[in-house]
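Spelled out from the first residue to the last, the chains are:
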Amino acid sequence: MTDTQARARYRRILVKLSGEALLGGEDYGIDPQMLKRIAGEIRELTLMGVQVAVVLGGGNIFRGAGLARAGMDRVTADHMGMLATVINALAMQDALEGLGTYARVMSALRINEVCEDYIRRRAVRHLEKGRVVIFGAGTGNPFFTTDTAASLRAIEINAEVLLKATKVNGVYDSDPVKNPAAKRYTRLTFDKVLNDRLGVMDATAIVMCRENKLPLQIFNLFNAGDLVRIVQGEDVGTVVTAEP
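A few points on the structure. (Residues numbered from 1 in each chain as written. Predicted model: local features only at pLDDT ≥ 70, side-chain atom pairs only at ≥ 80, totals over all residues. Heavy atoms only, no water.)

Time to look at the layout of surface pockets. There is about 670 Å³ of room inside the largest pocket. In terms of lining, the largest pocket is formed by 29 residues, of which the most central are Gly57, Gly58, Arg63, Thr145 and Thr146. Broken down by secondary-structure element, the contributors of at least two residues to the lining of the largest pocket are α3 (64–69), α4 (74–98), α6 (146–156) and β6 (161–166). Sorting elements by how many residues they give to the lining of the largest pocket places α4 first, with five residues. Within the lining of the largest pocket, the residues separate by chemical class into six nonpolar, 15 polar and eight charged. Of all the elements in the fold, those that place two or more residues in the lining of the second largest pocket are β6 and β7 (171–172). Within the lining of the second largest pocket, the residues separate by chemical class into eight nonpolar, four polar and two charged. (1 Å grid on protein atoms, 1.4 Å probe; cavity = no way out; pocket = protein on both sides within 12 Å on 5 of 7 lines; lining within 4 Å. Points joined across faces, edges and corners; volume = space filled by probe spheres on them. Helix = DSSP H or I, 4+ residues; strand = E, 2+ residues; numbered from the N terminus. Nonpolar A, V, L, I, M, F, W, Y, C, P; charged D, E, K, R; others polar.)

At Asn158, a position not held by glycine, the phi torsion is positive, near 60 degrees. Along the chain, Asn158 falls in the loop between α6 and β6. Phi at Lys213 takes a positive value of approximately 50 degrees, unusual for a residue other than glycine. Mapped onto the fold, Lys213 is located in the loop between α8 (203–211) and β10 (216–220).

Right, let's get into the sheet that holds strand β4 (residues 116–117). The strand order across the open sheet formed by nine strands is β4-β3-β5-β2-β1-β6-β10-β11-β9, and the pairing between neighbours is mixed. Pairing within the sheet leaves two strands with one partner each, and these edge strands are β4 and β9 (187–189). In terms of strand pairing, β10 meets strand β11 (residues 238–241) through three bridges, oriented antiparallel. Directly across from Gln217, in β11, lies its bridge partner Val239. Docked against the sheet, helix α2 (residues 32–47) engages β1 (12–17), β2 (51–56) and β5 (132–136), running at close to 155 degrees with respect to β2. (Pairing = 2+ DSSP bridges. Contact = heavy atoms within 4.5 Å. Axes fitted to C-alpha atoms, helices over the stretch in contact; angles between N-to-C directions.)

We now examine the pairing of β6. In terms of residue burial, β6 counts as a mostly covered element, since six of its six residues are buried. Residues Val161, Leu163 and Ala165 line one face of β6 and the alternating positions Leu162, Lys164 and Thr166 line the opposite face, and both faces are buried. Of the pairings in the sheet, the one linking β1 to β6 comprises four bridges and is parallel in character. Across the sheet, residue Lys16 finds its bridge partner in β6, namely Lys164. Bridge analysis of β6 against β10 gives five bridges, and the strand direction is parallel. Each bridged residue has a counterpart across the sheet, and for Ala165 the counterpart in β10 is Phe219. (Buried < 20%, exposed > 50% of the residue type's maximum accessible area, 1.4 Å probe, protein only.)

As structure tokens, then:
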């Protein structure tokens, strides 16, 4: 084991990135500089010997729930949202490969000409070979968020932790943007998140993590280096577990 591998707290992780994370300084679509920076941090994890899986949202391109509220058929809107996540996944794959890191996109919807179908055993094999696996198209089913997809895939591949990237450095008792005195939690239980409606992830995703004892850690993606610091065991963001 190398020194860098010895510093890694986890062997296998799943990182959940919102589509908005790829916006960077743009109003729509993908900011190439932001994409490259995130890819660089993921690459650094792989060099530490960590097996990395990624789930991306699609909100920077299309939000299915938003158009459904405006009157579009929910199933149609959700399928469009799933396709947006595949676009982001392909962009991330390209950014990683541009840095010399092998990556594979696996889609819950069949799009054989642009990426692989999601097959659990094949995904695990990719990870074991040191490839970053990027899961696209959510769960492949309407009415489920990419947060739920992240929880599901993390459980399926036996990830040791689910790392949820947000715009703030953890979970607060109130909106830190509106309330400068808001208190950040360093540790929480899944039950408190659900009972207090803290809005960490949707309830289905939280329940799945709780029932499968999958730790969840929330951090600020815009703090460069925080992702690597988490994997090295530093106290970053908010940790959510089944037990106090």
